[in-house]
Protein chains: 2
Amino acid sequence: MKIKMRERVLSSNDAWARENKAFLTERNIRMLNLIGSPGAGKTCLLEKTIDLLGERIALGIIEGDLATAKDADRIRKKGVPVYQINTGSGCHLNARSVHKAMRELCTDTPINLIVVENVGNLVCPAEFDLGEDAKVAVLSVTEGDDKVEKYPLLFTKVSVLLITKMALLRHTNFNLTTVRKAFRKLNRMAPLFSMDSLSGRGFSPWMEYLNAAVQREDSK
Amino acid sequence: MKIKMRERVLSSNDAWARENKAFLTERNIRMLNLIGSPGAGKTCLLEKTIDLLGERIALGIIEGDLATAKDADRIRKKGVPVYQINTGSGCHLNARSVHKAMRELCTDTPINLIVVENVGNLVCPAEFDLGEDAKVAVLSVTEGDDKVEKYPLLFTKVSVLLITKMALLRHTNFNLTTVRKAFRKLNRMAPLFSMDSLSGRGFSPWMEYLNAAVQREDSK
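Fair warning: this is a prediction, and the values are worked out from it, not measured in the lab.

Scoring rules and cut-offs
Just so you know, the residues in each chain are numbered from 1, in the order the chain's sequence is written. Throughout, the order in which chains and ligands are written sets their labels, letters from A for the former and numbers from 1 for the latter. Note on the predicted model: pLDDT of at least 70 is required for a residue's local features to be given, and 80 or more for side-chain atom pairs to be given and counted; whole-chain, interface and lining totals, by contrast, use all residues. Hydrogen atoms and water are omitted, and side-chain values are computed over all heavy atoms in the structure. Helix and strand definitions here come from DSSP, where helices need a minimum of 4 consecutive H or I residues and strands a minimum of 2 consecutive E residues; each element is numbered from the N-terminal end. C-alpha atoms define the radius of gyration in this analysis, and the globule rule sets the expected value at 2.2 Å times the number of residues to the power 0.38. The classification of residues rests on relative accessible area computed with a 1.4 Å probe and restricted to protein chains. Under 20% of the type maximum is buried, over 50% is exposed, and intermediate values are partly exposed. Throughout, the Shrake-Rupley method with a 1.4 Å probe supplies accessible areas, and for residues the shown protein chains are the sole cover considered. Positive charge is attributed to Lys and Arg, negative charge to Asp and Glu, and no charge count is given to His or to the chain ends. One atom stands in for each charge, and that atom is NZ of Lys, CZ of Arg, CG of Asp or CD of Glu. At least two DSSP bridges between two strands are needed for those strands to be called paired. To define axes, lines are fitted to C-alpha atoms, for helices over the stretch in contact only, and angles between the resulting N-to-C directions are given on a 0 to 180 degree scale. Should any heavy atoms of two residues lie within 4.5 Å, those residues are considered in contact. When describing relative orientation, an angle under 35 degrees is termed roughly parallel and one over 145 degrees roughly antiparallel, while 65 to 115 degrees is termed roughly perpendicular and anything else oblique. Classification convention: Asp, Glu, Lys, Arg as charged; Ala, Val, Leu, Ile, Met, Phe, Trp, Tyr, Cys, Pro as nonpolar; all other residues, Gly among them, as polar. Here the copies are superposed with least squares, the fitted atoms being C-alpha atoms of residues at a pLDDT of at least 70 in both. By definition, a salt bridge exists where a carboxyl oxygen of Asp or Glu is found within 4 Å of a side-chain nitrogen of Lys or Arg.

Asks: Just give me the short version of the overall build of chain A, but keep the residues and values in it.
Replies: Regarding its fold elements, chain A presents eight helices and seven strands. The C-alpha atoms of chain A give a radius of gyration of 17 Å, which matches the 17 Å a tight globule of 220 residues would have. Projected onto its principal axes, the C-alpha coordinates of chain A cover approximately 50 × 45 × 40 Å. Buried positions account for 56% of the 220 residues belonging to chain A. As displayed, chain A has an accessible area near 9,700 Å², and 50% of this comes from carbon and sulfur atoms. Looking at chain A, you have 33 positive and 26 negative side-chain charges, and the mean spots of the two groups are 4 Å apart.

Asks: With reference to specific residues and values, describe the sheet that holds strand 4 (residues 113-117) of chain B.
Replies: The strands that make up a sheet pair up through hydrogen bonds in the backbone, lying either parallel or antiparallel. Residues and elements named next belong to chain B. Taken in spatial order, the seven strands of this open sheet run 3-2-4-1-5-6-7, and their pairing is parallel. Each edge of the open sheet is held by one strand with a lone partner, namely strand 3 (82-86) and strand 7 (192-194). Across this sheet, the average inter-strand angle for adjacent strands is 20 degrees, counted without regard to direction. As defined by bridge partners, strand 1 (residues 30-36) adjoins strand 5 (residues 134-140) across five bridges and the pair is classed as parallel. When the sheet's bridge partners are listed, Asn33 is paired in strand 5 with Lys135.

Asks: Talk me through the sheet that holds strand 5 (residues 134-140) of chain A; I want residue IDs and the actual numbers.
Replies: Residue and element names in this part refer to chain A. Ordered by their spatial adjacency, seven strands build an open sheet running 3-2-4-1-5-6-7, and the pairing between neighbours is parallel. Whereas interior strands pair on both sides, the edge strands pair on one side only; in this sheet they are strand 3 (82-86) and strand 7 (192-194). Across the sheet, the axes of successive neighbouring strands diverge by a mean angle of 20 degrees, strand direction being ignored. Running over the sheet, helix 4 (residues 95-108) touches strand 1 (30-36), strand 2 (59-65), strand 3 and strand 4 (113-117) and is turned about 155 degrees from strand 3.

Asks: Go over the packing of helix 2 (residues 42-53) of chain B against helix 8 (residues 204-215) of chain B, please, and point to the residues and values.
Replies: All names here are of chain B. At a closest axis distance of 11 Å, the pairing of helix 2 and helix 8 adopts a crossing angle of 70 degrees. It follows that helix 2 is roughly perpendicular to helix 8 by the angle criterion. The residues of helix 8 that touch helix 2, namely those facing Leu45, Thr49, Leu52 and Leu53, are Trp206, Met207 and Leu210. Here the residues of the contact of helix 2 with helix 8 are counted per class, giving six nonpolar, one polar and no charged.

Asks: Tell me about the relation of the copies chain B and chain A, and name the residues and values.
Replies: Expressed as a screw operation, the relation of chain B to chain A combines 0.0 Å of axial shift with a rotation of 180 degrees, fitting to an RMSD of 0.0 Å. The superposition operator between the copies reduces to a two-fold rotation axis. Most of the interface of chain B is mirrored in chain A: 100% of its interface residues are interface residues there too.

Asks: A description of the pairing of strand 4 of chain A should follow, citing residues and the corresponding values.
Replies: Regular strands have side chains that alternate between both faces of the sheet. Residues and elements named next belong to chain A. Burial analysis of strand 4 places five of its five residues in the buried class, which makes it a mostly covered element. Judged from the five bridges that link them, strand 1 and strand 4 form a sheet pairing that is parallel. Paired with Leu32 across the two strands is Val115, which belongs to strand 4. Sheet topology note: the strand 2/strand 4 ladder contains five bridges and is parallel. Within the sheet, the bridge partner assigned to Glu63 lies in strand 4 and is Glu117.

Asks: Any chance you could break down the pattern of salt bridges for me, citing the residues and the numbers?
Replies: By the definition in use, this model includes 23 salt bridges over all chains. Here Asp51 of chain B makes a salt bridge to Lys78 of chain B, at a shortest N to O gap of 3.1 Å. Of the two residues, Asp51 of chain B sits in helix 2 while Lys78 of chain B sits in the loop between helix 3 (70-76) and strand 3, which places them 27 residues apart along the sequence. Where salt bridges share partners, they join Asp146, Lys147 and Lys150 of chain A together with Asp65 and Asp71 of chain B into one cluster.

See below:
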């Protein structure tokens, strides 16, 4: 019975995800779903990304947190449209709440890229599609190099893996080669970019990825 | 209906948690439930704790992970009885699986303290009681000092807060006073210990806490 319920929750979510996909396709908007542990550096990554994007992309952000609007406040300071979802005790965003958020975001402003920062969690967000074009995993070097193997579900599903906090690498025993090998066992296609969000070092491939994603024409 | 289902899952879990509590009380065993993000340093904390405990406490460990037995292997190397639970896609341990684990652990060895290392997750494990005597939160300085406010559920419920990776403090903008203040708004009683698991610095209060917990007589 537990399994049936689970299936029902997931299938209702999938219906909303399809709605979202249709909404985005109609308006030629790309959407990324950013997933990582609490403190992996997701908001910091967004802040640096905004600085480097300049005017090239009309960005909108959806922030998911259990409580507070701290992350939305940080994004708003950068002058980017943002919508904060508070999930209460909810451990992931669902497609329905994101639907409301994307409608709000797109009401006043022309947007061509939405980045959803999911609730900090390596497990549950991987199971709930939001209608996004790509899932992006964020893993910081301070979390350790065993996380890809220990949380395989997410790393199998992502289209990009971002390794963050590279400036701290020399203070840890994180081995980038170990992570790369473990990741390739689960995911043969997704690029892996390593970077540092405070200095901006290593951001070029990620910025190119975003530009390419937005410029890609729909194959209608 | 979703809420009813949730209640049913939680109440079935609570029944098992009561079983666990009875099992532990009967044998005069204490149990701690260690909760923190992926990469907060839970296993590393356990390794150093084992080194410092020596023969004073008969410890047993239950490891919870989605996949792999990496953490159990690390504990086993230290010569401590350990039981690995793999949850598959499950984002937290439940009382039933822990019941099986504690029975196995206690079959051959006399044990007076069980530490459960929950799945790396700041959200879901906080909702599922395992029959433990205390929940212990593990938060690393590299995760940022906003996490107590952003994930209030866990920090309200814990009996101890351990701040880990203190050796990395100077490389971050983590402010211990900010965390202490935020924590005291949610939780007036639980002690907060800051420590570094590689060097063992700051471990004394935590070791005293463990010794006191085990020596406390049941008030039968």
